[in-house]
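# Examination of the molecular architecture
So the chains spell out like this:
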Amino acid sequence: TYVTGVAFAPDSKRLASVGFDRKLRVWDVEKRRQVYAIEAVQKTEVPDGVAALFAVSYSTDGKRIATGSGVISESDNRDAILGIWNAADGKDVLQIPTKARRVSGLTFSPDGKRLFSAHYGVTLRVTDIDTAKELPVAPELKVAGTAVALTADGKTAVTASDDGLVRLWSVK
(Lines give C-alpha, C1' and ligand atoms only; values in the text may rest on other atoms or scores of the structure.)
Protein backbone atom coordinates (compact mmCIF):
# COMPACT_ATOMS: atom_id res chain seq x y z
CA THR A 1 0.00 0.00 0.00
CA TYR A 2 1.00 3.61 -0.54
CA VAL A 3 2.33 4.93 2.81
CA THR A 4 1.62 8.62 3.39
CA GLY A 5 2.80 9.21 6.96
CA VAL A 6 5.11 7.80 9.64
CA ALA A 7 5.89 8.80 13.24
CA PHE A 8 8.13 7.40 15.96
CA ALA A 9 6.90 7.03 19.52
CA PRO A 10 8.85 9.31 21.90
CA ASP A 11 10.94 6.36 23.14
CA SER A 12 11.63 5.28 19.51
CA LYS A 13 10.57 1.70 20.30
CA ARG A 14 7.44 1.87 18.16
CA LEU A 15 6.63 3.38 14.80
CA ALA A 16 3.18 4.29 13.47
CA SER A 17 2.38 4.36 9.76
CA VAL A 18 -0.70 5.33 7.72
CA GLY A 19 -1.59 5.22 4.06
CA PHE A 20 -4.06 4.67 1.27
CA ASP A 21 -5.24 1.36 2.79
CA ARG A 22 -6.95 3.44 5.55
CA LYS A 23 -5.10 1.56 8.30
CA LEU A 24 -3.13 2.80 11.25
CA ARG A 25 -0.30 0.33 11.71
CA VAL A 26 1.97 0.25 14.75
CA TRP A 27 5.33 -1.50 14.49
CA ASP A 28 7.86 -2.81 17.01
CA VAL A 29 11.05 -1.20 15.72
CA GLU A 30 13.53 -3.62 17.35
CA LYS A 31 11.67 -6.79 16.30
CA ARG A 32 10.69 -5.24 12.95
CA ARG A 33 7.19 -6.65 13.37
CA GLN A 34 3.70 -5.21 13.21
CA VAL A 35 2.11 -4.90 16.66
CA TYR A 36 -1.39 -4.10 15.36
CA ALA A 37 -3.30 -2.64 12.44
CA ILE A 38 -6.72 -1.03 12.69
CA GLU A 39 -9.15 0.30 10.10
CA ALA A 40 -8.92 3.99 10.97
CA VAL A 41 -11.16 5.26 8.15
CA GLN A 42 -14.34 3.64 6.91
CA LYS A 43 -14.03 2.44 3.31
CA THR A 44 -15.82 5.03 1.23
CA GLU A 45 -15.48 4.84 -2.49
CA VAL A 46 -16.40 7.73 -4.76
CA PRO A 47 -16.38 7.90 -8.58
CA ASP A 48 -12.82 9.21 -8.88
CA GLY A 49 -11.30 8.86 -5.43
CA VAL A 50 -11.08 7.02 -2.13
CA ALA A 51 -10.84 8.07 1.51
CA ALA A 52 -7.35 7.48 2.95
CA LEU A 53 -5.09 8.39 5.86
CA PHE A 54 -2.52 11.10 5.19
CA ALA A 55 -0.94 12.06 8.52
CA VAL A 56 0.07 10.52 11.84
CA SER A 57 1.65 11.76 15.08
CA TYR A 58 2.44 10.40 18.55
CA SER A 59 1.64 12.47 21.63
CA THR A 60 4.70 13.57 23.59
CA ASP A 61 3.95 11.07 26.38
CA GLY A 62 3.52 8.26 23.83
CA LYS A 63 0.03 7.32 25.08
CA ARG A 64 -1.96 8.57 22.09
CA ILE A 65 -1.66 8.53 18.33
CA ALA A 66 -3.40 11.04 16.09
CA THR A 67 -4.36 10.33 12.49
CA GLY A 68 -5.63 12.63 9.78
CA SER A 69 -7.82 11.38 6.96
CA GLY A 70 -8.95 12.88 3.72
CA VAL A 71 -10.10 12.21 0.20
CA ILE A 72 -7.97 11.86 -2.88
CA SER A 73 -10.54 13.22 -5.31
CA GLU A 74 -10.65 16.96 -5.96
CA SER A 75 -14.43 16.71 -6.51
CA ASP A 76 -15.19 15.04 -3.16
CA ASN A 77 -16.15 17.52 -0.45
CA ARG A 78 -16.56 15.18 2.52
CA ASP A 79 -14.99 16.30 5.80
CA ALA A 80 -11.70 14.79 6.81
CA ILE A 81 -11.46 13.31 10.31
CA LEU A 82 -8.91 13.76 13.07
CA GLY A 83 -8.69 10.43 14.88
CA ILE A 84 -7.24 9.99 18.37
CA TRP A 85 -6.24 6.43 19.31
CA ASN A 86 -4.87 4.67 22.38
CA ALA A 87 -1.27 3.94 21.37
CA ALA A 88 -1.02 0.71 23.39
CA ASP A 89 -3.87 -1.14 21.69
CA GLY A 90 -5.31 1.08 18.92
CA LYS A 91 -8.68 1.58 20.61
CA ASP A 92 -10.66 4.57 19.37
CA VAL A 93 -10.54 7.52 21.80
CA LEU A 94 -12.04 10.35 19.73
CA GLN A 95 -13.10 11.21 16.16
CA ILE A 96 -13.31 14.90 15.20
CA PRO A 97 -14.71 16.15 11.85
CA THR A 98 -12.52 18.91 10.42
CA LYS A 99 -14.57 20.85 7.82
CA ALA A 100 -11.70 20.31 5.37
CA ARG A 101 -11.10 17.74 2.62
CA ARG A 102 -7.73 16.47 3.82
CA VAL A 103 -5.49 16.56 6.88
CA SER A 104 -1.93 16.62 5.62
CA GLY A 105 0.13 17.22 8.78
CA LEU A 106 -0.25 16.70 12.54
CA THR A 107 1.63 17.37 15.75
CA PHE A 108 0.66 17.38 19.43
CA SER A 109 1.43 20.25 21.78
CA PRO A 110 4.15 19.46 24.36
CA ASP A 111 1.50 18.94 27.08
CA GLY A 112 -0.54 16.66 24.79
CA LYS A 113 -3.72 18.71 25.25
CA ARG A 114 -3.89 20.28 21.78
CA LEU A 115 -3.50 18.89 18.30
CA PHE A 116 -2.09 21.11 15.55
CA SER A 117 -3.15 20.14 12.03
CA ALA A 118 -2.41 21.32 8.51
CA HIS A 119 -5.31 21.00 6.05
CA TYR A 120 -6.08 21.36 2.38
CA GLY A 121 -8.21 24.50 2.30
CA VAL A 122 -7.03 25.97 5.62
CA THR A 123 -3.38 26.29 6.59
CA LEU A 124 -3.55 25.60 10.35
CA ARG A 125 -6.08 24.41 12.89
CA VAL A 126 -5.64 23.81 16.61
CA THR A 127 -7.99 21.40 18.41
CA ASP A 128 -8.42 21.00 22.15
CA ILE A 129 -8.35 17.22 22.65
CA ASP A 130 -10.35 17.21 25.90
CA THR A 131 -13.30 19.16 24.46
CA ALA A 132 -12.88 18.34 20.72
CA LYS A 133 -13.30 22.08 20.08
CA GLU A 134 -11.34 24.03 17.52
CA LEU A 135 -9.33 26.87 19.07
CA PRO A 136 -8.89 30.20 17.27
CA VAL A 137 -5.75 30.79 15.24
CA ALA A 138 -5.40 34.17 13.59
CA PRO A 139 -5.24 34.94 10.79
CA GLU A 140 -6.96 32.00 9.07
CA LEU A 141 -5.40 31.53 5.66
CA LYS A 142 -7.27 29.81 2.85
CA VAL A 143 -4.24 28.09 1.33
CA ALA A 144 -3.53 24.39 1.56
CA GLY A 145 -1.39 23.52 4.52
CA THR A 146 0.95 20.64 3.69
CA ALA A 147 2.93 20.20 6.94
CA VAL A 148 3.04 21.47 10.52
CA ALA A 149 5.64 21.42 13.31
CA LEU A 150 5.85 22.93 16.77
CA THR A 151 8.77 24.20 18.84
CA ALA A 152 9.67 22.19 21.95
CA ASP A 153 8.18 24.88 24.22
CA GLY A 154 4.93 24.89 22.21
CA LYS A 155 5.01 28.65 21.65
CA THR A 156 5.62 28.70 17.89
CA ALA A 157 4.09 26.62 15.11
CA VAL A 158 5.43 26.46 11.59
CA THR A 159 3.43 25.47 8.52
CA ALA A 160 4.32 24.75 4.93
CA SER A 161 1.71 25.38 2.26
CA ASP A 162 1.03 24.81 -1.41
CA ASP A 163 1.74 28.46 -2.23
CA GLY A 164 5.44 27.73 -1.56
CA LEU A 165 5.64 29.62 1.73
CA VAL A 166 6.67 28.59 5.22
CA ARG A 167 4.87 30.53 7.95
CA LEU A 168 5.56 30.97 11.66
CA TRP A 169 2.58 31.23 14.03
CA SER A 170 2.63 32.53 17.60
CA VAL A 171 0.76 30.06 19.81
CA LYS A 172 -0.83 31.03 23.11
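Before going into details, it helps to say that this report is about the structure given with it. (Residues numbered from 1 in each chain as written. Predicted model: local features only at pLDDT ≥ 70, side-chain atom pairs only at ≥ 80, totals over all residues. Heavy atoms only, no water.)

### Quick notes on the overall build of the chain
Helix and strand content of the chain: 0 helices and 16 strands. The buried share of the chain, reckoned over its 172 residues, is 47%. Working note: accessible area of the chain is about 9,000 Å², and carbon and sulfur atoms make up 52% of it. (Helix = DSSP H or I, 4+ residues; strand = E, 2+ residues; numbered from the N terminus. Buried < 20%, exposed > 50% of the residue type's maximum accessible area, 1.4 Å probe, protein only. Areas by Shrake-Rupley, 256 points an atom, 1.4 Å probe, with all protein chains shown as cover.)

### Some remarks on the sheet that holds strand S16 (residues 166–170)
With antiparallel pairing, the 3 strands of this open sheet are ordered in space as S14-S15-S16. Strand pairing shows two members of the sheet lacking a second neighbour, strand S14 (145–150) and S16, which therefore form its edges. Ignoring which end each strand starts from, the neighbouring axes of this sheet average 25° apart. Relative to S16, strand S15 (residues 156–161) is paired through 5 bridges, and the arrangement is antiparallel. Across the sheet, the residue bridging to threonine 156 is serine 170, located in S16. (Pairing = 2+ DSSP bridges. Axes fitted to C-alpha atoms, helices over the stretch in contact; angles between N-to-C directions.)

### Notes on the sheet that holds strand S4 (residues 33–39)
Taking strand neighbours across the sheet as the criterion, the 4 strands line up as S1-S2-S3-S4 in an open arrangement whose pairing is antiparallel. Both edges of this open sheet fall to strand S1 (3–8) and S4, since each of them pairs with a single strand only. Each adjacent strand pair in this sheet contributes to an overall mean axis angle of 20°, direction not counted. Where strand S3 (residues 23–28) lies against S4, 6 bridges are found, and the strand directions are antiparallel. Note that in S4 the partner of tryptophan 27 across the bridge is glutamine 34.

### Regarding the side chain of aspartate 128
The topology assignment puts aspartate 128 in strand S12 (residues 125–128). One buried charged residue, aspartate 128, remains without a salt bridge, the closest side chain of opposite sign being arginine 114 at 6.9 Å. In this structure the side chain of aspartate 128 is engaged in a polar contact, spanning 2.9 Å, whose partner is the backbone nitrogen of threonine 131. Those residues in contact with aspartate 128, other than ones at most four positions away along the chain, are Lys113, Arg114, Lys133 and Leu135. (Lys, Arg positive; Asp, Glu negative; His and termini not counted. Salt bridge = Lys/Arg side-chain N within 4 Å of Asp/Glu carboxyl O. Polar contact = N/O pair within 3.5 Å; in protein donor to acceptor, adjacent residues only side chain to side chain. Contact = heavy atoms within 4.5 Å.)

### A short note on the nonpolar core
Residues Ala16, Leu24, Val26, Val56, Tyr58 and Ile65 are the most contacted members of the largest nonpolar core, which totals 17 residues. Breaking this core down by element, the ones donating at least two residues are strand S2 (14–19), S3, S4 and strand S6 (49–58). For this core, the leading source of residues is S6, giving 4 residues. Within the second largest apolar cluster, 11 residues are counted, among which are Ala66, Ala80, Leu82 and Val103. (Core = buried A, V, L, I, M, F, W, Y, C linked by side-chain atoms within 4.5 Å.)

### Some remarks on unusual backbone geometry
Positive phi values are uncommon outside glycine, yet arginine 22 reaches one of about 70°. Within the secondary structure, arginine 22 sits in the loop between S2 and S3. We classify arginine 22 as buried; its relative accessible area is 12%.

### Looking at the environment of aspartate 11
Tracing the backbone through its elements, the reader meets aspartate 11 in the loop between S1 and S2. For aspartate 11, a relative accessible area of 48% puts it in the partly exposed group. Sequence separation of aspartate 11 and threonine 60 is 49 residues, and the distance between their C-alpha atoms is 9.5 Å. In this structure the side chain of aspartate 11 is engaged in a polar contact, spanning 2.9 Å, whose partner is the backbone nitrogen of lysine 13.

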